[in-house]
Amino acid sequence: MAAEWQTAVAGARETTGFAGKDIHRNVDAIGGALRLDHRAGFYVELGLLSDPEGFDAFLNHWWTQALADSATDEKTRRAAIDFADVAVSLYARAVGGPTSTQEEIEAIAAGSEAS
């Protein structure tokens, strides 16, 4: 699934034009990138995970938060969240999870909702 994730991230970068910090989607990288006030919640939630199926959703959520926390200003934060939304949608599509249409992905990248 690592190849699918890398392809999704590359596609999201191309779609959104996001050029921000690259945070790997793993526990160590995410934990290190989170603001201190979010880090405790991350590790508590990690300790409570009992369903391996939920681990992907856990990583997706906290990876998005880590990207947002790493932003230097509000504009970069919004761009990071849009990028993360597109990457997660593309990844879900690649691994057969819940998906968004291409129109929805482009709307996310444009900062609006699809009709």
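You'll find the structure just up there.
These remarks concern the structure in this document.

Conventions used here
Residues numbered from 1 in each chain as written. Predicted model: local features only at pLDDT ≥ 70, side-chain atom pairs only at ≥ 80, totals over all residues. Heavy atoms only, no water. Helix = DSSP H or I, 4+ residues; strand = E, 2+ residues; numbered from the N terminus. Buried < 20%, exposed > 50% of the residue type's maximum accessible area, 1.4 Å probe, protein only. Polar contact = N/O pair within 3.5 Å; in protein donor to acceptor, adjacent residues only side chain to side chain. Contact = heavy atoms within 4.5 Å. Axes fitted to C-alpha atoms, helices over the stretch in contact; angles between N-to-C directions. Parallel < 35°, antiparallel > 145°, perpendicular 65-115°, else oblique. Left-handed = near helix turned anticlockwise from the far one by under 90°. Nonpolar A, V, L, I, M, F, W, Y, C, P; charged D, E, K, R; others polar. Expected span 1.5 Å × (residues − 1).

We now examine the side chain of Asn60. The topology assignment puts Asn60 in helix H4 (residues 55-70). What makes Asn60 buried here is its relative accessible area of 14%. A polar contact is formed between the side chain of Asn60 and the side chain of Arg25, at a distance of 2.9 Å. Once you skip the residues sitting within four places of it in the chain, Asn60 turns out to touch Trp5, Arg25 and Val88.

Two elements in contact, helix H1 (residues 2-16) and helix H5 (residues 74-95), have axes separated by 8 Å at closest approach and are oriented at 140 degrees. With respect to their mutual orientation, H1 and H5 come out oblique. In terms of crossing hand, the pair formed by H1 and H5 is right-handed. Touching Glu4, Trp5, Ala8, Val9, Gly11, Ala12, Arg13, Thr15 and Thr16 of H1 are Asp82, Phe83, Val86, Ala87, Val88, Leu90, Tyr91, Ala94 and Val95, all from H5. Looking at the contact of H1 with H5 residue by residue, the class counts come to twelve nonpolar, three polar and three charged.

Once that is clear, we can look at H4. End to end, H4 covers 22 Å across 16 residues, agreeing with the expected 22 Å (1.5 Å per residue, within 8%). Among all positions of H4, only Phe58, Leu59, Asn60, Trp62, Trp63, Thr64, Gln65, Ala66, Leu67, Ala68 and Asp69 are buried. Contacts from the buried residues of H4 go to H1, helix H2 (27-33), helix H3 (36-48) and H5.

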